Amino acid sequence: MTSEVPSSHQCSWLGSLSGYRTWSGLLWVLLVGISPGSWAQQGTQPQSIKIEGDITLGGLFPVHSRGPAGVPCGEIKREKGIHRLEAMLYALDQINSDPDLLPNITLGARILDTCSRDTYALEQSLTFVQALIQKDNSDVRCSNGEPPIIPKPERVVGVIGASGSSVSIMVANVLRLFAIPQISYASTAPELSDNSRYEFFSRVVPPDSYQAQAMVDIVKAMGWNYVSTLASEGNYGESGVDAFLQISREAGGLCIAQSIKIPREPRPGEFEKIIKRLMETSNARGVIIFANEDDIKRVLQTAKKANLTGHFLFVGSDSWGAKNSPIQDQEDVAEGAVTILPKRASIDGFDQYFTSRSLENNRRNMWFAEFWEDDFKCKLTRPGIKYEAGRRKCTGDERISRDSQYEQEGKVQFVIDAVYAMAHALHSMHLDLCAGYMGVCEKMDPVEGRMLLQYIRSVNFNGSAGTGVMFNENGDAPGRYDIFQYQLSNVSNPGYKLIGQWTNHLRLNPEEMQWSGGDRKIPESVCSFPCESGERKKMVKGVPCCWHCELCDGYQYLLDEFSCDMCPFDMRPLKNRTGCRPTPIIKLEWSSPWAIIPVFLAILGILATTGVIATFIRFNDTPIVRASGRELSYVLLTGIFLIYLITFLMIAEPSVAVCAFRRLLLGLGMCITYSAMLTKTNRIYRIFEQGKKSVTPPKFISPTSQLIITFILISVQLLGVFIWFGVMPPHTIIDYEEQKPPNPEFARGVLKCDMSDLSLILCLSYSIVLMITCTVYAIKSRGVPETFNEAKPIGFTMYTTCIIWLAFVPIFFGTAQSTEKMFIQTTTLTVSMSLSATVSLGMLYIPKVYVIIFHPEQNVQKRKRSFKAVVQAATVTTQLSQKSSDKQNGESKIEPDRSQ
């Protein structure tokens with residue numbers, strides 16, 4: 001069955017339209033899932049600009065903004081729409097007039113409006129594939145029965161566009177089915193670099209992955225390691241932030257505090273919530289923003305409303321770039337914002353071309369009249385269009401730039417480069433396929449899309465701004481960015497200032513940067529501030545840029561950034577705890593107060609002892625000297641002298657010789673002294689004990705026997721010392737534990753002899769035993785009259801000595817934990833020994849010296865008495881003492897006659 005149509009003219013038109021709608025409708029339903037008639041039902045049948053030529057290029061531009069719900073198109077976009085569209089027309093004019101580029105070939109165009117909406121752009125772009133759809137016209141017949149006359153459809157060999165990444169993605173999915181190459185002038189989504197999915201897509205702008213790398217480099221150059229990200233919902237914002245996150249993870253040293261998405265249709269209060277979330281991590285002052293102009297403006301407005309002017313440090317993508325519209329009336333909040341923009345230049349030729357456009361000479365642009373009305377705020381008489389009352393009528397004499405504000409849109413350069421890239425590819429293809437042929441040869445009719453793609457990827461020429469235009473294997477242009485900062489304070493011309501560039505690596509001029517209030521110092525955006533010297537980082541789990549600082553305390557130093565370690569035993573940490581230093585070595589100095597007092601006492605004692613010895617030698621044969629037992633007295637005085645002398649050895653700088661003499665003399669002086677005293681008291685005790693039983697004198701009471709007994713007692717001490725020498729030879733040590741207080745600044749190593757507290761006490765223990773034994777005998781001999789012996793002076797000496805040494809023990813051992821241990825113990829020991837020697841000297845010999853020198857009349861020979869008489873006299877005296885004691889205890893109430 002065939003279709004009948006009223007006329008042959010209509011027959012041809014209907015046949016064309018019938019085939020197109022059948023296949024385009026099928027594609028539309030498969031790709032989008034809705035009927036293509038939905039826009040057409042609202043009076044939005046595809047409108048386009050047609051430029052005749054031998055080879056036709058497609059063009060996709062956001063001439064209008066996105067319309068409200070249910071309406072595909074909104075207001076006209078003067079810069080992003082008309083400027084870019086006219087840039088393509090300008091480039092076509094330049095190419096067609098260039099005798100060296102595609103000579104004798106005219107480039108034409110079919111330019112469509114995407115209305116900034118991906119689904120609408122897809123429907124419009126089906127126009128480009130119309131010629132490639134195989135249409136079945138077998139059922140179409142004219143009224144005379146003949147087949148319809150169907151004009152050859154227009155064939156688009158390549159498409160320039162689109163602008164938005166989401167639109168380019170949607171269109172690229174269709175164009176790849178028909179092998180139509182596509183070159184975008186503004187789509188930067190990293191997703192489009194996937195050559196397996198978008199193999200026919202190329203772009204003259206770098207992808208956001210380069211931009212994200214540049215932004216990561218900027219953040220790192222400013223010393224930030226803790227930032228938040230903001231992205232407009234959609235392909236551009238989300239893919240840009242995703243690229244930033246991925247690159248920052250790979251680079252390391254950068255943490256994301258918040259990653260926030262701005263919804264396509266923000267609800268009331270949405271931006272307030274966003275600012276509140278950003279303030280939850282207020283240390284992350286840096287905010288990386290991939291968002292559209294409207295979202296940027298509302299973020300700035302909300303931050304200003306929340307009194308956070310100067311807090312956030314924005315790093316904006318190319319959607320912010322160097323535009324004034326996002327920051328209008330929010331300049332103080334935007335101050336210091338660092339923005340990035342693909343390296344571009346203003347094309348002077350385009351300025352001359354565009355400012356010369358008028359309603360009369362630009363009728364090829366079907367949307368130019370609408371632009372004219374919007375640019376000059378006037379109205380043209382057009383059927384079916386209503387205008388608000390009071391709007392003036394356009395005269396047609398208005399001129400762009402003269403009667404309206406004009407600034408070349410930033411992507412004009414890239415539109416021109418995209419058209420030229422297509423032209424250079426066609427030119428190279430023509431040279432190879434149609435060498436010497438004027439015009440389009442058969443091999444290029446039609447142009448094979450996959451072959452053209454290879455020529456596109458191979459182009460390399462200087463673009464409109466003088467920079468190279470080329471593509472990598474994924475169809476991406478090289479990354480070239482200018483880096484701007486919005487500066488407001490202390491500048492003659494507030495605005496965006498160029499502060500650096502990025503071409504595969506960052507070149508930033510920090511000295512050109514200026515922040516809120518004109519501050520030149522780069523603000524900080526870090527989770528945790530650097531630790532002070534000597535502090536280690538204790539990382540916060542799951543957040544590698546956040547840490548707590550912990551001081552390496554005590555004797556620890558900073559081993560590395562994250563750990564402390566103890567200094568070696570003989571070292572202490574530096575003041576900044578970055579390493580260790582040797583611990584100072586100290587010893588008891590002669591000038592120390594701890595040494596002066598013992599030395600003073602020792603000198604006095606030595607002088608006094610020397611005086612006593614000299615006196616005894618001078619009066620050696622006098623009765624008092626002979627009666628005191630000359631031999632034992634000289635031995636005892638020698639011991640006292642050695643006791644005083646040991647003070648100097650205890651204070652002298654330790655050496656092997658000094659340590660040896662310390663061991664030898666420390667106990668020897670006391671041993672000699674108390675051995676002589678013990679021998680004396682033992683002799684007296686034995687004499688009078690023997691006298692109670694017999695008149696026969698006890699054995700071993702002669703001077704020679706006394707000396708032998710004394711030397712035997714002394715030899716025990718010497719034997720112990722020499723055994724000590726053999727087992728452990730004397731040597732010096734440095735004790736680092738003795739003076740190791742909590743504060744290492746006061747730590748000292750003490751140079752000392754290898755004598756522990758225990759060995760020192762053991763060295764003195766024998767002398768202490770002799771002292772205690774002597775005291776016992778002195779107590780037992782206390783009843784002997786003092787006129788007959790030295791028992792009582794020896795007794796008093798021993799009592800006092802015991803008291804001194806009882807006081808010594810708690811002082812000596814009670815200071816074991818003190819940082820002044822060595823000084824206190826040395827002083828305590830030497831003073832105690834000097835006091836013991838002084839007591840012995842004073843009790844036993846000073847009275848005798850006094851009598852010898854000052855009362856020589858008493859130093860005369862008395863009548864000798866026999867041993868028996870001495871014992872009887874002592875016995876009587878003892879009995880009288882006992883009776884006297886009994887009377888005092890009340891045993892007898894009869895008092896003796898005092899007159900007797």
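Each chain has its residues counted from 1, running along the sequence as written. Predicted model: local features are reported for residues with pLDDT of at least 70 only, side-chain atom pairs are reported and counted for 80 or more only, and whole-chain, interface and lining totals are derived from all residues. Hydrogens and water molecules were not included; the side-chain quantities draw on all heavy atoms of the structure.

The name given to the protein in an unreviewed UniProt entry is Glutamate receptor, metabotropic 6b, and the organism recorded there is Seriola lalandi dorsalis. What UniProt records for the protein under Subcellular location (unreviewed entry) is the sentence "Cell membrane". According to its UniProt record, the protein has this under Sequence similarities (unreviewed entry): "Belongs to the G-protein coupled receptor 3 family." UniProt positions are given in the numbering used here, feature names are shortened, and annotations may be inferred rather than shown by experiment.

A. Quick look at the state of the cysteines. To count as a disulfide, a pair of cysteine sulfur atoms needs to be within 2.5 Å. Applying the stated criterion across every chain yields a total of nine disulfides. Through a disulfide, Cys73 is tied to Cys115; the S-S separation comes to 1.7 Å. Of note, the bridge from Cys73 to Cys115 carries an S-S torsion of about 80° and is right-handed in sense. Highlighted residues: Cys73 in strand E4 (residues 73-76) and Cys115 in the loop between strand E5 (107-113) and helix H4 (118-125), separated in sequence by 42 residues. The way it works is that DSSP assigns letters per residue, a run of H or I at least four long becomes a helix, a run of E at least two long becomes a strand, and they are numbered from the N terminus.

B. Examining the pairing of strand E16 (residues 481-487) more closely. We call a residue buried when its accessible area falls under 20% of the maximum for its residue type, exposed when it is over 50%, and partly exposed in between, using a 1.4 Å probe and counting protein chains only. Across the seven residues that make up E16, a large majority, seven, are buried. Of the two faces of E16, the one lined by Tyr481, Ile483, Gln485 and Gln487 and the one lined by Asp482, Phe484 and Tyr486 are each fully buried. Strand pairing requires that DSSP identify at least two bridges connecting the strands. Pairing of strand E13 (residues 338-342) with E16 involves five bridges; the strand directions are antiparallel. Note on E16: the bridge partner recorded for Val338 is Gln485. Sheet topology note: the E16/strand E17 (residues 495-502) ladder contains seven bridges and is antiparallel. The residue of E17 that forms the bridge with Asp482 is Gln501.

C. Inspection of the sheet that holds E17 at higher detail. The eight strands lie next to each other as E10-E9-E11-E12-E13-E16-E17-E18, forming an open sheet whose pairing is mixed. Two strands close off the open sheet at either side, each with one partner strand: strand E10 (255-262) and strand E18 (506-508). Direction aside, the axes of adjacent strands within the sheet are offset by 25° on average. Here E17 pairs with E18 via three bridges, running antiparallel. Opposite Gln501, over in E18, you have Arg507 as the bridge partner. To get an axis, fit a line to the C-alpha atoms, keeping to the stretch in contact for a helix; angles then go from 0 to 180 degrees between the N-to-C directions.

D. The arrangement of the UniProt feature "transmembrane region" (unreviewed entry) in the protein in detail. Taking the UniProt record as the reference, the feature "transmembrane region" (unreviewed entry) is found at residues 594-620, 632-652, 664-685, 706-727, 758-779, 791-813 and 833-855. For residues 833-855, helix accounts for 91% and strand for 0%, while the C-alpha atoms at its two ends are 31 Å apart.

E. Looking closely at the packing of aromatic side chains. Aromatic rings from Phe, Tyr and Trp, with only the six-membered ring used for Trp, were paired whenever their centres fell within 6.5 Å, and each pair was classed as stacked if the ring planes differed by under 30 degrees, edge-to-face if by over 60, and tilted otherwise. Using the criterion set out here, one finds 23 aromatic pairs in the structure. Through pairs of rings, three or more aromatic residues link up here, namely Tyr90, Phe350, Tyr353, Phe354, Phe368, Phe371, Trp372, Phe376 and Tyr406. Counting as a charge over the ring demands two things of the Lys NZ or Arg CZ atom: a distance within 6 Å of the ring centre and an angle within 35 degrees of the ring normal. It is Lys537 that lies over the ring of Trp547; its NZ or CZ is 3.8 Å from the centre. The lysine or arginine in question, Arg618, covers the ring of Phe619, its NZ or CZ lying 4.9 Å from the ring centre.

F. Focus on the environment of Arg520. Looking at the element boundaries, Arg520 is found in the loop between E18 and strand E19 (535-540). Using a relative accessible area of 47% as the deciding quantity, one classes Arg520 as partly exposed. Sequence separation between Arg520 and Pro510 is 10 residues, and the spatial gap between their C-alpha atoms is 8.6 Å. Contacts between residues were defined by any pair of non-hydrogen atoms, one from each residue, lying within 4.5 Å. Not counting residues within four places of it along the chain, the set of residues in contact with Arg520 comprises Glu511, Glu512, Met513, Gln514 and Trp515. Here a polar contact is recorded for every N or O atom pair within 3.5 Å, except that within protein the pair must consist of a potential hydrogen donor and a potential acceptor, and residues adjacent in sequence are included only if both atoms are side-chain atoms. From its side chain, Arg520 meets the backbone oxygen of Met513 in a polar contact 3.2 Å long. Within the local environment of Arg520, its side chain forms a polar contact with the side chain of Gln514, the two groups lying 3.4 Å apart.

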